[in-house]
Amino acid sequence: MKITFYGHAAFLIEGTKRVLIDPFISQNPICNTKVSEIPKVDYILVTHDHADHLGDAFEIAKRDDALIITIHEISLLAAEKGIKAEGMNIGGKIIPENGIEIFMTNSVHSSSNGGECGFILTMDGKNIFHTGDTGLTYDLKVVKELFDTIDVAMFPVGDRYTMGIPSVKIAADWIRPKILIPMHYNTWEIINVSKEKLEELKNDLKNKTEVKILNPGESFEI
Ligand code: NI
Ligand code: MN
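Just so we're clear, the structure is a prediction, and the values are computed from it rather than from any experiment.

**Q** Looking at this structure, I do not really get the overall build of the chain. What am I missing?
**A** Helix and strand counts for the chain stand at 6 helices and 14 strands. Taking 222 residues into account, the globule formula puts the C-alpha radius of gyration at 17 Å, and the chain, at 16 Å, falls close to it. In terms of principal-axis extent, the alpha carbons of the chain reach across some 45 × 35 × 35 Å. Taking the contacts inside the chain whose residues are at least 6 apart along the sequence as the reference set, 60% of them involve residues at least 24 apart.

This is the structure:
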């Protein structure tokens, strides 16, 4: 399985199928990839309707005839535009095809349509947890009750609109992901996180979780 970070909260997961999450690409100041350079995807997960998450989701879904999986109300917006979408809600799971499961987690944030969420994608025997935008909440702790192993977790670290580093340390302790990828930082100055702070996070978690800092455009295999 290959995971690519496009900057901010945008990721591409490539396994049996290609799954794009929160594709904020064309307006993303730190994304060095063009929409046209993103390979054809099968599924697009959208955590909430803020522009830095919904991003180019509709355009890419149209281009690829991909299925958008998101909170009920955003799925209605997509359907109005003639885009394939499946709505769901927090605490539920969807199995869009054999071998792929998507569980919707709660996040604590804001949105205009429906609400905000995170996703746990299970594909090729791996559990990938993208929290979406969230502050620290005990709802993150509950994830561990349902998913004993989280292979990769994407956590926001930029503070102000989401968790900052102190909260991330606590959430990481609860969930103990094998790999933690910091996201939602350095996109704009107001959510800047220094290299030193990221190194500190890495050191603090080093015996439990590997903190993997990815540059926009960077990939790794698990
Ligand atoms: Ni947001
Ligand atoms: Mn955001």
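**Q** Just to check I follow, could you spell out helix H2 (residues 57-64) for this structure?
**A** Three or four residues apart is the spacing at which side chains of an α-helix point the same way, because the helix has 3.6 residues per turn. Residues of H2 that are buried: Ala57, Phe58, Ile60, Ala61 and Asp64. The buried side chains of H2 occupy one side of the element, clustering within an arc of 165 degrees when seen end-on. Exposed residues lying more than 90 degrees from the buried face of H2 are Glu59 and Lys62. Those residues of H2 that are buried lie in contact with strand S3 (18-21), strand S4 (43-46), helix H1 (51-54), strand S5 (67-71) and helix H3 (72-80). One or two steps after H2, the chain reaches aspartate 65, where phi turns positive at roughly 55 degrees.

**Q** How should I be thinking about the coordination of the nickel ion (ligand 1) in this particular structure?
**A** Geometry sets the ideal angles at a metal, namely 109.5 degrees for four tetrahedral donors and 90 or 180 degrees for six octahedral donors. Coordination of the nickel ion (ligand 1) by the protein comes from His48 (NE2), His50 (ND1), His109 (NE2) and Asp133 (OD), over a distance range of 2.2 to 2.3 Å. Taken together, the 4 donor atoms coordinating the nickel ion (ligand 1) and their angles of 87 to 178 degrees define a geometry best described as irregular. Distance-wise, the manganese ion (ligand 2) is placed 3.1 Å from the nickel ion (ligand 1), both being coordinated by aspartate 133. Linking histidine 50 in the loop between S4 and H1 with aspartate 133 in the loop between strand S10 (126-130) and helix H4 (138-146), this pair joins segments that are 83 residues apart in sequence. The class for aspartate 133 is buried, based on a relative accessible area of 2%.

**Q** Would you mind going over the sheet that holds strand S13 (residues 210-211) with me for this structure?
**A** The pairing of strands in a sheet comes from backbone hydrogen bonds and takes either a parallel or an antiparallel form. On the basis of which strands lie adjacent, the open sheet formed by 7 strands has the order S7-S8-S9-S10-S11-S12-S13 and mixed pairing. Every other strand in the sheet has two partners, leaving strand S7 (93-97) and S13 as the edge strands with one partner each. Across 3 bridges, the pairing between S7 and strand S8 (residues 100-106) is antiparallel. Within the sheet, the bridge partner assigned to isoleucine 94 lies in S8 and is isoleucine 102. Lying over the sheet, H4 contacts S8, strand S9 (117-123) and S10, oriented at roughly 150 degrees with respect to S8. Together, S10, strand S11 (152-156) and strand S12 (179-183) form the strand contacts of helix H5 (residues 165-175), whose direction differs from that of S11 by roughly 160 degrees.

**Q** So what exactly am I meant to see when it comes to the packing of H4 against H5 here?
**A** When two helices pack together, their arrangement is given by the angle between their axes and by how far apart the axes lie. Axis separation between H4 and H5 bottoms out at 8 Å; the angle between their running directions is 20 degrees. As judged from the angle between their axes, H4 and H5 are roughly parallel. At the point where H4 passes H5, the crossing takes the right-handed sense. On H5, the residues that touch Tyr138, Leu140, Lys141 and Lys144 of H4 are Ala171, Trp174 and Ile175. For the contact of H4 with H5, the class distribution of residues is 5 nonpolar, no polar and 2 charged.

**Q** What is the right way to read the packing of aromatic side chains from this model?
**A** Aromatic ring pairs are reported here in terms of the distance separating the ring centres and the angle at which the planes meet. Under the definition given, this model contains 5 aromatic pairs. Centroid distance phenylalanine 24 to tryptophan 188: 6.0 Å. Interplanar angle 40 degrees. Geometry classified as tilted. Here phenylalanine 24, found in the loop between S3 and S4, pairs with tryptophan 188, found in the loop between S12 and helix H6 (195-205); they are 164 residues apart in sequence, far enough to count as distant. Residue class for phenylalanine 24 comes out buried when judged on its relative accessible area of 6%. Ring geometry for tyrosine 138 against tryptophan 174: centres 5.4 Å apart, planes inclined by 25 degrees, an arrangement best described as stacked. You can see tyrosine 138 sitting in helix H4 and its partner tryptophan 174 sitting in helix H5, a full 36 residues away along the chain.

Parameters at a glance
Residues numbered from 1 in each chain as written. Chains lettered and ligands numbered in written order. Predicted model: local features only at pLDDT ≥ 70, side-chain atom pairs only at ≥ 80, totals over all residues. Heavy atoms only, no water. Helix = DSSP H or I, 4+ residues; strand = E, 2+ residues; numbered from the N terminus. Rg over C-alpha atoms; globule rule 2.2 N^0.38 Å. Contact = heavy atoms within 4.5 Å. Buried < 20%, exposed > 50% of the residue type's maximum accessible area, 1.4 Å probe, protein only. Arc of directions from axis to C-beta. Donors = N, O, S within 2.8 Å, 3.2 Å for Na, K, Ca; no water. Tetrahedral: all angles 85-135°; square planar, octahedral: opposite > 155°, others 65-115°. Pairing = 2+ DSSP bridges. Axes fitted to C-alpha atoms, helices over the stretch in contact; angles between N-to-C directions. Parallel < 35°, antiparallel > 145°, perpendicular 65-115°, else oblique. Left-handed = near helix turned anticlockwise from the far one by under 90°. Nonpolar A, V, L, I, M, F, W, Y, C, P; charged D, E, K, R; others polar. Phe/Tyr/Trp six-rings, centres within 6.5 Å; stacked < 30°, edge-to-face > 60°.

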